[in-house]
Amino acid sequence: MPVLAPDAESETGIPKSPSEARPAEAMEELEHTCPQPRLTLTAPAPFADETSCQCQAPHEKLTIAQARLGTPVDRPVRVYADGIFDLFHSGHARALMQAKTLFPNSYLLVGVCSDDLTHKFKGFTVMNETERYEALRHCRYVDEVIRDAPWTLTPEFLEKHKIDFVAHDDIPYSSAGSDDVYKHIKEAATCRSAWSCRAFSAGFLFPLCSGMFVPTQRTEGISTSDIITRIVRDYDVYARRNLQRGYTAKELNVSFINEKKYRFQNQVDKMKEKVKNVEEKSKEFVYKVEEKSHDLIQKWEEKSREFIGNFLELFGPDGAWPSITDDPTLTTPAKVETSCSPSAEGAARNSHLAFSI
């Protein structure tokens, strides 16, 4: 939507409102040319100095209610979130997701503090500033990354980047001698017009209207400090792990004695693993033997029962064999053998005859 830009100031030096400006014929119509939210994820988010908002149209300050209704229609709502973002993790991503989805048409600017500021006010970081900048550029919720962001937000910074709202969790962030570095933002008020905003930028932070701070929720159970605590707690484990992966003791800042100790422990662990594998294979072999033996015994029992059944069927009291031997019409081998056998009397008679001859 075109807006009218005043080009005159009042006697006090405060820019005039549209009603105090020059006649309509002297007004210049300006359209918003603010960068739009990213519609594709095929490239990382740009840096602010590469695509800074050069829009000359005045930015009317919005209330949260107005922004949630999708106004203004001619430009996105510019939301700012900042942090250190060391060891970028899911907690960071969830916070940025909340900031991005606060309003229907949000343009999320993310400020990342430099190494100098971070080391001065918070402490040493694992990732350097370049790595942290790049991590943010590749987060899908981020539309623009501001390098070397200020530790404490100033009116000049907010106006330079045409920020409508600041998103951060509501927990007080004590640092740099302050109980909460976002306190002045939380208590600040946004102006109803861009011109009155400029009037107070020298000594006051956006007085008179509703606040521009929008709280997000922290993700419990995950933080950079928690991750570093895990690494420090299990330092020996990770040192041994990286030695195994080819890192030198010098790269890991490990002493000669500790290096030898870690390497010995790695050898011991390898031996334990081999023994464990042998035990598992032995158990598997014994199990297979037991299973095979069980199958053989079962088959033997089945064959034994079958053999005994066949034997009883043939030679038992009710079997086929007794019925054969009791039949008088049949000449059994036993009867034949009995009839053919010489008696004692016959043997004697035959012997007498032999001597008589």
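Before reading further, recall that the structure is shown in the block above.
Given the structure is predicted, the values throughout are model-derived calculations rather than measurements.

A. Structural detail: the overall build of the chain. Regarding its fold elements, the chain presents 13 helices and seven strands. Out of the 357 residues in the chain, the part that is buried amounts to 35%. Intrachain contacts of the chain at a sequence separation of at least 6 include 67% that bridge at least 24 residues.

B. Geometry of empty space enclosed by the protein. This structure, assessed with the given rule, holds one cavity of 30 Å³ or more. There is about 30 Å³ of room inside the largest cavity. In terms of lining, the largest cavity is formed by Ala67, Gly70, Thr71, Pro72, Arg75, Val77, Phe103, Pro104 and Asn105. Per-class residue counts for the lining of the largest cavity are five nonpolar, three polar and one charged.

C. Representation of the packing of helix α9 (residues 235-244) against helix α10 (residues 256-315) in the model. For the pair α9 and α10, interaxial distance at closest approach is 10 Å and the crossing angle is 80°. One way to sum up the angle between α9 and α10 is to call them roughly perpendicular. The residues of α10 that touch α9, namely those facing Tyr235, Asp236, Ala239, Arg240, Leu243 and Gln244, are Glu259, Lys261, Tyr262, Arg263, Gln265, Asn266, Asp269 and Lys270. Classifying every residue of the contact of α9 with α10 by side-chain character gives four nonpolar, three polar and seven charged.

D. Up close: the nonpolar core. One finds Tyr80 and Leu96 to be the most contacted residues of the largest nonpolar core, which totals 42 residues. Ala239, Leu243, Val254 and Tyr262 belong to the second largest nonpolar core, which has six residues in total.

E. The pairing of strand β6 (residues 165-169), seen in detail. Among the five residues that make up β6, five are buried, leaving the element largely enclosed by the rest of the structure. Covered by surrounding structure in β6 are Phe165, Ala167 and Asp169 together with Val166 and His168, the residues of both alternating faces. Direction of pairing for strand β3 (residues 77-83) relative to β6: parallel, over a ladder of two bridges. Bridge assignment links tyrosine 80 to a residue of β6, and that residue is valine 166.

F. Up close: the side chain of threonine 224. Relative to the elements of secondary structure, threonine 224 occurs in helix α8 (residues 224-233). Given a relative accessible area of 16%, threonine 224 falls into the buried group. Engagement of the side chain of threonine 224 in a polar contact is seen with the backbone oxygen of aspartate 86, the distance being 2.7 Å. Residues contacting threonine 224, with those up to four places away along its chain left out, are Asp86, Leu87, His89 and His92.

G. Inspection of the layout of surface pockets at higher detail. Computed from the structure, the largest pocket encloses a volume of approximately 870 Å³. Contributing to the lining of the largest pocket are 37 residues, with His92, Lys122, His168, Tyr173 and Arg218 lying nearest its centre. For the lining of the largest pocket, the secondary structure elements donating two or more residues are β3, α2 (90-100), β6 and α8. Looking at which element gives the most residues to the lining of the largest pocket, the answer is α2, with five residues. A breakdown of the residues in the lining of the largest pocket according to their chemical character gives 17 nonpolar, 15 polar and five charged.

H. Up close: the environment of valine 254. Following the sequence through the fold, valine 254 ends up in the loop between α9 and α10. The buried category is assigned to valine 254, whose relative accessible area is 11%. Once the C-alpha coordinates of valine 254 and alanine 239 are considered, the two residues, 15 residues apart in sequence, prove to be 8.1 Å apart.

I. Region of the structure containing unusual backbone geometry. For leucine 87, which is not glycine, the phi dihedral falls at a positive 50°. Topologically, leucine 87 is positioned in the loop between β3 and α2. Residues other than glycine seldom take positive phi values, yet asparagine 253 does so here, at roughly 55°. Its place among the elements puts asparagine 253 in the loop between α9 and α10.

Conventions we followed
- Residues numbered from 1 in each chain as written.
- Predicted model: local features only at pLDDT ≥ 70, side-chain atom pairs only at ≥ 80, totals over all residues.
- Heavy atoms only, no water.
- Helix = DSSP H or I, 4+ residues; strand = E, 2+ residues; numbered from the N terminus.
- Buried < 20%, exposed > 50% of the residue type's maximum accessible area, 1.4 Å probe, protein only.
- Contact = heavy atoms within 4.5 Å.
- 1 Å grid on protein atoms, 1.4 Å probe; cavity = no way out; pocket = protein on both sides within 12 Å on 5 of 7 lines; lining within 4 Å.
- Points joined across faces, edges and corners; volume = space filled by probe spheres on them.
- Nonpolar A, V, L, I, M, F, W, Y, C, P; charged D, E, K, R; others polar.
- Axes fitted to C-alpha atoms, helices over the stretch in contact; angles between N-to-C directions.
- Parallel < 35°, antiparallel > 145°, perpendicular 65-115°, else oblique.
- Core = buried A, V, L, I, M, F, W, Y, C linked by side-chain atoms within 4.5 Å.
- Pairing = 2+ DSSP bridges.
- Polar contact = N/O pair within 3.5 Å; in protein donor to acceptor, adjacent residues only side chain to side chain.

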